[in-house]
Amino acid sequence: MLQSVLLGFIFFLLAPVCGAIISGADRFLGARMQRRQGPTIVQPFYDLYKFFQKKAYIVNGLQDFLVIGHLMFVMLSGWIIYAGQDILLAVFSLTLAEMFLCLAAFSASAPYSNMSAQRELLQMTCTEPMLLLMAIGFYLHAGSFLVSDMVLGKMPAIVSCPGMFAGFLIILVIELRKSPFDVSSSHHAHQEMVKGITTDISGKLMGWVELAEWNEIFLMFTFVGLFFVCSNPWSILWAILAGAGAMFLMTLIDNTFPRVKWERMLTIVWSSTFIFAGGNLLVLMLLKG
Amino acid sequence: MQIIEFLIFFPFVIAAILYLLGNSERVYPVRKFIVKGAAFLIMAAVIYLAVRVLRGQMVRTYLEKADTANDFVMAGELFLMCLVTFYSFRFRKILAALLSWIGTIPILWLELSGRAAEGTDHFKFDNLTVLMCLVVGIVGGFITIYAIGYIKDYHLRHPKFPERSNWFLAMLFVFLGAMFGLLFSDNLGWIYFFWEITSVCSFLLIGYNREKESIENSFKALWMNLLGGDAFMAGILYASLALHVGTLSDLQQVDNRAVPGVMIVVSLLAFAALTKSAQLPFNGWLLGAMVAPTPTSALLHSATMVKAGVYLLIRLAPLMQGTLTGVMVTLIGGFTFFAASLMAIATSDGKRVLAHSTVSNLGLIVACAGVGRPESVWAGTMLILFHAVSKSLMFMTVGAVENASGSRNIEDMHGLIVKLPRLAVVMIIGICGMYLAPFGMLVAKWAALKSYIDSGAVWLVLFLVFGTASTSFYWGKWLGKIFAVIHKSQALKDTTHNGEWQALYPLAAMVIAMCFGFPLISNYIVQPVLNQMFHTEVEPVIGGSDIAVMLLMLILVATLPVAGGIISRNRRGITDQNTRSYMSGINAGDDRHFLNAYGDAQPLYMANWYMIDLIGELKIMKPCLAIAAGILVIMLTIIIGGAI
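Reading the values: the criteria
- Residues numbered from 1 in each chain as written.
- Chains lettered and ligands numbered in written order.
- Predicted model: local features only at pLDDT ≥ 70, side-chain atom pairs only at ≥ 80, totals over all residues.
- Helix = DSSP H or I, 4+ residues; strand = E, 2+ residues; numbered from the N terminus.
- Rg over C-alpha atoms; globule rule 2.2 N^0.38 Å.
- Buried ≥ 20, exposed ≤ 12 C-beta atoms within 10 Å, placed from the backbone.
- Contact = placed C-beta atoms within 7 Å.
- Axes fitted to C-alpha atoms, helices over the stretch in contact; angles between N-to-C directions.
- Parallel < 35°, antiparallel > 145°, perpendicular 65-115°, else oblique.
- Left-handed = near helix turned anticlockwise from the far one by under 90°.
- Nonpolar A, V, L, I, M, F, W, Y, C, P; charged D, E, K, R; others polar.
- Expected span 1.5 Å × (residues − 1).
- Core = buried A, V, L, I, M, F, W, Y, C linked by C-beta atoms within 7 Å.
- pLDDT = per-residue confidence, 0-100.
- Pairing = 2+ DSSP bridges.

1. Some words on the overall build of chain A
Step number 1: Broken down by element type, chain A carries 10 helices and 0 strands.
Step number 2: Along chain A, helices and strands appear, N-terminal first, in the series α-α-α-α-α-α-α-α-α-α.
Step number 3: The C-alpha radius of gyration of chain A comes to 19 Å, within 12% of the 19 Å expected for a compact globule of 289 residues.
Step number 4: Overall size of chain A, expressed as C-alpha extent along the three principal axes, is 55 × 45 × 40 Å.
Step number 5: In chain A, which comprises 289 residues, the share counted as buried stands at 61%.
Step number 6: Put simply, of all contacts in chain A between residues at least 6 apart along the chain, 75% involve residues at least 24 apart.

Pasting the structure below:
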């Protein structure tokens, strides 16, 4: 028990560092794709440092504790994975975390925040089936929802869940707030919702949101890695390579596709989830039964 | 066992007293005292019963010879039939009368001709009965307490409705009595009798204010439930004549491989249960029931009426496992869960959202029963418990908000946390209890998901994951509306009566307590039900480190608002750290206006998102009804045809 609790803390160490580096690498790569110089890979650290130098202007008394709640539950979600606990709980905890962020935006009672919070809810609606189905895919592969059992399997999960992986890559675009599915908040300044869900969050508080986002990015790439990890220690290398590949793909997609309207996002994501993950599920269940 | 008789007859006695007291300013204090006393007595009685049974963990049966009681039941059935006939002729809705005749006359013939199969005992109770009694007694009790204050305000707000509150409160108690009768009865005929009482009662309660719409909706509820009752009757007829089975427990003993005919009975009873639990295509009556005063909706939706249906299904669950009937029930349940949650997104009337959500959650419970595995029954029973408490809380809060602010539309709840802070907090607890992670419903949903996967039902898993996603959407945006902080707003006058708070606070406390205590509930209340039902020691469904992680989450969630409260108390008022939100223009300072290009304050309104063009009721209700009706008809034909 103690061992797994401590293992979980690895996430707290790795996530901010790796998350920031992934985020920096994305900006670097994206700039190069657009033939710009772009910032260095450690730019996000400077950004965060600056955020924390600033005063937090809050718009109401609820906002800060909702933002902290967001950060805490993203971190808890990562802890659950690294502690080898139930992956479904990690998904639920992530949903709760997103909910906190939405509420922080709703509490501002301002047009941009309000609209974006609802769009964020819609994004959650888009991603949740796939996240759950991914967890189910892992379960059918490893016979358990515990991450500690999954990583010790003979074969990596990608062997039996390729459809789940394809579906997951599609929702990864949403989770990382990448175009074409960055309807609630975008990393690019030209979005019609300005900064979307974080419009009314500033200064230090924005720093906390940024930190939560790094955690979330790292968590998402952990999910990518989980598809490739098995009892063979070398599989971790594969997982890291897969993560790097997925990252490159995301940056490429981000720079290639224009943002879509929400209806198209919903139909594309739900139908791809249904076809890829649902089809995969059907096959797995038939093989099992 | 006097306590059974007490629980069944006492509510009827109270109902009679309340009715006879009549309506006048003079009797209000007396009435308040009687209702509260009766509610607490009923609660005490069910808790006493629960403690006794849970200690002994045994099944008991009572009342072998019951000729007088049988005559009484027959007379009652005849009376109900006459009542329905009277009303349907008076309002020219002959369908209801026809269905009532079809349902009652064959049963009377069966009894009078002596062909009714004699079971052994008429009453039986085991842990499932006790669990349901706890739900009905405690939640129902609080609803009646809430009703006293509510109905007074209701008539103040609607002076044109005739004041018949004595009758209203009496009906609530009749309902409770009928519900207890249904739970304790083992004899199918008796269950049917109490089943019909609840149908007729709901009809009378829905039509309470005698408006045109109420009458329409009450007849809708009546014919749908009577149709279910007819299926129940057909089930009894077949069970008696072909299988010589007269009680529910004997029916459970029949081996469905040796006697395929038993599946006909199970399917017919399941059909009846589907109508009672307002599953598609019969969800119309529950949506229509919204016109009634809130305690009615709370009682019908959360604790009693709809739970009667799922209770029966859970009783039949072991029989349905792995059969076509099970497939039918799970298909309908899963589909209802998904479709109703979509429709809830496109609804802005608070009570109607709750109605859709009830239908949707019941779908989940129905699907759990249809799967029929121990884990799924565990999930189903847990869902019944959590849903009853959270949903009744939600209904009563919406009712109280409506009484205080004059609207139950979610749009008008913008900024509720500033306008009616106490009710807002209670409502937040209720909503969180309905769908958020460490709270009860989600625990059960999680177990349901596991059991669906293990049973190999792909479509069910898909319905569940997509339905869960749309469920979070509609609750999420409701929650967001409440959380919106609008500065410079006056708090509204909270007109909620003390009596209403006496129901709201305990229920809110129960939602929280049940979240912390769910391992205990699982161990001491639900696990024994499974052991009895499946005749083996069933392994704990959720255990070990999962519970630890869940509790960790709960503690985090619980500490956050406390921490937030302390932070905001330290920063009371406007400080240099405070600013106004961005209104796509300069905020005029009250979060309602922004300064336009001329420097004038321009009002602004922020609506929620309903996607009516995509998933509005008008758009998808009809196809959904058609699909569900198609599934039912085809499956029933296959099952009954196959068995014959």
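2. Quick word on the packing of helix α1 (residues 2–21) of chain B against helix α6 (residues 165–184) of chain B
Residue and element names in this part refer to chain B.
Step number 1: Where α1 contacts α6, the axes come no closer than 8 Å and their chain directions differ by 165 degrees. Taken together, the axes of α1 and α6 lie roughly antiparallel to each other. Seen from above, α1 lies across α6 with left-handed handedness. Touching Ile4, Leu7, Ile8, Pro11, Phe12, Ile14, Ala15, Leu18, Tyr19 and Leu21 of α1 are Asn166, Trp167, Leu169, Ala170, Phe173, Val174, Leu176, Gly177, Phe180, Gly181 and Phe184, all from α6.
Step number 2: Broken down by class, the residue content of the contact of α1 with α6 amounts to 18 nonpolar, 3 polar and no charged.

3. Details of helix α10 (residues 262–276) of chain B
Residues and elements named next belong to chain B.
Step number 1: With 15 residues, α10 extends 21 Å between its outermost C-alpha atoms, agreeing within 8% with the 21 Å of an ideal straight helix rising 1.5 Å per residue.
Step number 2: The buried count for α10 comes to 15 of 15 residues, which makes it a mostly enclosed element.
Step number 3: Backbone geometry just after α10 places alanine 278 at a positive phi near 55 degrees.

4. Observations concerning the environment of A:Ala97
Residue and element names in this part refer to chain A.
Step number 1: Mapping alanine 97 onto the fold places it in helix α4 (residues 87–107).
Step number 2: Sequence separation between alanine 97 and phenylalanine 218 is 121 residues; the distance between their C-alpha atoms is 15 Å.
Step number 3: Filtering out sequence-adjacent residues up to four positions away, alanine 97 remains in contact with His70, Phe73, Val74 and Ser77.

5. What to know about the nonpolar core
A general feature of soluble globular proteins is that nonpolar side chains tend to end up buried together.
Step number 1: One finds A:Ala135 and B:Leu313 to be the most contacted residues of the largest nonpolar core, which totals 353 residues.
Step number 2: Once you skip the residues sitting within four places of it in the chain, B:Leu313 turns out to touch B:Ala270, B:Ala273, B:Val329, B:Val366 and B:Ala369.

6. Section: the environment of B:Phe168
Step number 1: Along the polypeptide, B:Phe168 turns up in helix α6.
Step number 2: As for B:Phe168 and B:Leu205, which are separated by 37 residues in sequence, their C-alpha atoms are 7.0 Å apart.

7. Things to note about the interface of chain A and chain B
Step number 1: If you look at the interface, chain A gives 54 residues, while chain B gives 50 residues.
Step number 2: Listing elements by their share of the side of chain A that touches chain B, those giving two or more residues are α3 (63–82), α4, α5 (111–142) and α10 (262–288) of chain A.
Step number 3: With 16 residues, α5(A) is the largest single contributor of residues to the side of chain A that touches chain B.
Step number 4: Taken together, the residues that form the side of chain A that touches chain B break down as 33 nonpolar, 15 polar and 6 charged.

8. Thoughts on the confidence of the model for chain B
Residues and elements named next belong to chain B.
Step number 1: For chain B, per-residue confidence averages 86 on the pLDDT scale, and 97% of positions sit at 70 or higher.
Step number 2: Looking over chain B, one finds the lowest element-wise mean pLDDT in strand β1 (residues 60–62), namely 72, and the highest in helix α14 (residues 324–345), namely 93.
Step number 3: Reported for the predicted complex are a pTM of 0.93 and an ipTM of 0.94.

9. Thoughts on the sheet that holds strand β3 (residues 586–587) of chain B
All names here are of chain B.
Step number 1: Spatial strand order, β3-β4-β5: 3 strands in an open sheet with antiparallel pairing. A single partner strand is all that each edge strand has here, and the edge strands are β3 and β5 (601–603).
Step number 2: Note: strand β4 (residues 593–595) against β5, 3 bridges, orientation antiparallel. Following the sheet pairing, phenylalanine 594 is matched in β5 by glutamine 602.

10. Let's talk about unusual backbone geometry
Step number 1: Residue A:Pro180 follows A:Ser179 across a cis peptide bond; omega there is 5 degrees.
Step number 2: Residue position: A:Pro180 is located in the loop between α7 (162–175) and α8 (203–226).
Step number 3: Here the bond from B:Leu280 into B:Pro281 is cis, since omega is 0 degrees, no more than 30 degrees from zero.
Step number 4: Summarising the element assignment, B:Pro281 is placed in the loop between α10 and α11 (284–288).
Step number 5: Even without being glycine, A:Arg35 reaches a positive phi, approximately 60 degrees.
Step number 6: Even without a glycine there, the phi angle at B:Ala278 is positive, about 55 degrees.
Step number 7: Here B:Ala278 is to be found in the loop between α10 and α11.
Step number 8: Judged by the 28 C-beta atoms lying within 10 Å of it, B:Ala278 is buried.

11. Regarding the packing of helix α2 (residues 43–53) of chain A against α8(A)
Residue and element names in this part refer to chain A.
Step number 1: Where α2 contacts α8, the axes come no closer than 6 Å and their chain directions differ by 145 degrees. α8 is crossed by α2, and the crossing has left-handed handedness. Along its contact with α2, which presents Asp47, Leu48, Phe51 and Phe52, the element α8 presents Gly203, Lys204, Met206, Gly207, Glu210 and Leu211.
Step number 2: Classifying every residue of the contact of α2 with α8 by side-chain character gives 5 nonpolar, 2 polar and 3 charged.

12. Notes on helix α15 (residues 350–371) of chain B
All names here are of chain B.
Step number 1: With 22 residues, α15 should cover 32 Å at 1.5 Å per step; its first-to-last C-alpha distance of 32 Å lies within 8% of that length.
Step number 2: Burial analysis of α15 places 21 of its 22 residues in the buried class, the great majority of the element.
Step number 3: Backbone geometry just downstream of α15 places glycine 372 in the positive-phi region, at approximately 75 degrees.

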